[in-house]
Amino acid sequence: MYQPMHAPLALIGRLLMAWLFIPAGFGKIAGYSGSVAYAASAGLPLPEVGVAVGLAIELLGGIMLLVGFMTRPAALLLALFTLVASFFFHAYWSLPADQAMMQQLLFNKNMAIVGGLLAFAAFGPGSWSIDGKRQRL
C-alpha cells in the first residue's frame, strides 16, 4: 500500500538521527584526549579504544543512516552503541539525588533514540535512500 508521506518522513527521521551522531563523531576526533579522559572518568574500560570505536560507529553509522545505505544494520549498531553508552555515561541510579535528575533525563532521551533506531532497523529507510533505490532496480 502506497503511503505518500512515508518517504519524506523517513528521510527527515534519518536526517535528524544523523544530526545527533555525525557531529558527535567529529567532536570526538577534534577533542580526542578530552573524550578519552571523560570516558576514563566514567569507568569505561580501555577508554582510548572505546572512544575510537565510538567515534567510528557514530561517524560511519551516522553517514550510513543519513544516506540510507545498509540502514538496518547501521541502525542496529547505533542502537546497541547508544544503549551501552547510556549505562556508562548516564547512570543516574548511582548518583546523589541532586545530580540524578539531569542524568535520568539524558538516559531516557537515549532510550527514545534507541527506539527510533530500532524502528529504522525494523521498517527500513524509506524509498528516498540508497537502499530504497537498490530495491527498485
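Residues numbered from 1 in each chain as written. Predicted model: local features only at pLDDT ≥ 70, side-chain atom pairs only at ≥ 80, totals over all residues. Heavy atoms only, no water.

Here's the deal with the side chain of threonine 82
- Along the polypeptide, threonine 82 turns up in helix α4 (residues 71–89).
- Assessed through its relative accessible area of 5%, threonine 82 is described here as buried.
- Look past the residues within four positions of threonine 82 in its chain and what remains in contact with it is Phe21, Asn110, Ile113, Val114 and Leu117. (Helix = DSSP H or I, 4+ residues; strand = E, 2+ residues; numbered from the N terminus. Buried < 20%, exposed > 50% of the residue type's maximum accessible area, 1.4 Å probe, protein only. Contact = heavy atoms within 4.5 Å.)

Examining helix α1 (residues 6–30)
- Given a rise of 1.5 Å per residue, 25 residues ought to cover 36 Å, and the 36 Å separating the end C-alpha atoms of α1 matches this to within 8%.
- At alanine 18, α1 shows its largest bend, some 30°.
- Where α1 is concerned, the buried positions are Ala7, Pro8, Ala10, Gly13, Arg14, Met17, Ala18, Phe21, Ile22 and Gly25.
- Where α1 is buried, its residues meet α3 (47–67), α4 and α5 (97–123). (Expected span 1.5 Å × (residues − 1). Bend = angle between axes of the 7 residues up to and from the residue.)

A look at the nonpolar core
- Residues Met17, Phe21, Leu65, Ala75, Leu78, Leu117 and Phe120 are the most contacted members of the largest nonpolar core, which totals 14 residues.
- Listed by contribution, the elements that provide at least two residues to this core are α1, α3, α4 and α5.
- Considering each element in turn, this core owes the most residues, five residues, to α5. (Core = buried A, V, L, I, M, F, W, Y, C linked by side-chain atoms within 4.5 Å.)

A few points about the pattern of salt bridges
- Under the counting rule described, the total for this entry stands at one salt bridge.
- We note a salt bridge from glutamate 58 to lysine 28, for which the minimum N-O separation is 2.9 Å. Of this pair, glutamate 58 sits in helix α3 while lysine 28 is found in helix α1, placing the two residues 30 residues apart along the sequence. (Salt bridge = Lys/Arg side-chain N within 4 Å of Asp/Glu carboxyl O.)

Some words on unusual backbone geometry
- Despite not being glycine, leucine 46 has its phi angle at roughly 50°, a positive value.
- In this structure, leucine 46 sits in the loop between α2 (32–41) and α3.
- Within the chain, methionine 70 stands out as a residue other than glycine whose phi angle is a positive 50°.
- With respect to the helices and strands, the residue methionine 70 is situated in the loop between α3 and α4.
- Judged by its relative accessible area of 40%, methionine 70 is partly exposed.

Details of the environment of lysine 133
- Within the fold, lysine 133 resides in helix α6 (residues 130–136).
- C-alpha of lysine 133 to C-alpha of valine 36: the two residues are 97 residues apart in sequence and 39 Å apart in space.

Notes on the side chain of serine 86
- Within the secondary structure, serine 86 sits in helix α4.
- Among the polar contacts made by the side chain of serine 86, one reaches the side chain of asparagine 110 at a distance of 2.9 Å.
- Once residues within four sequence positions are removed from consideration, serine 86 is found in contact with Ala91, Phe107, Asn110 and Met111. (Polar contact = N/O pair within 3.5 Å; in protein donor to acceptor, adjacent residues only side chain to side chain.)

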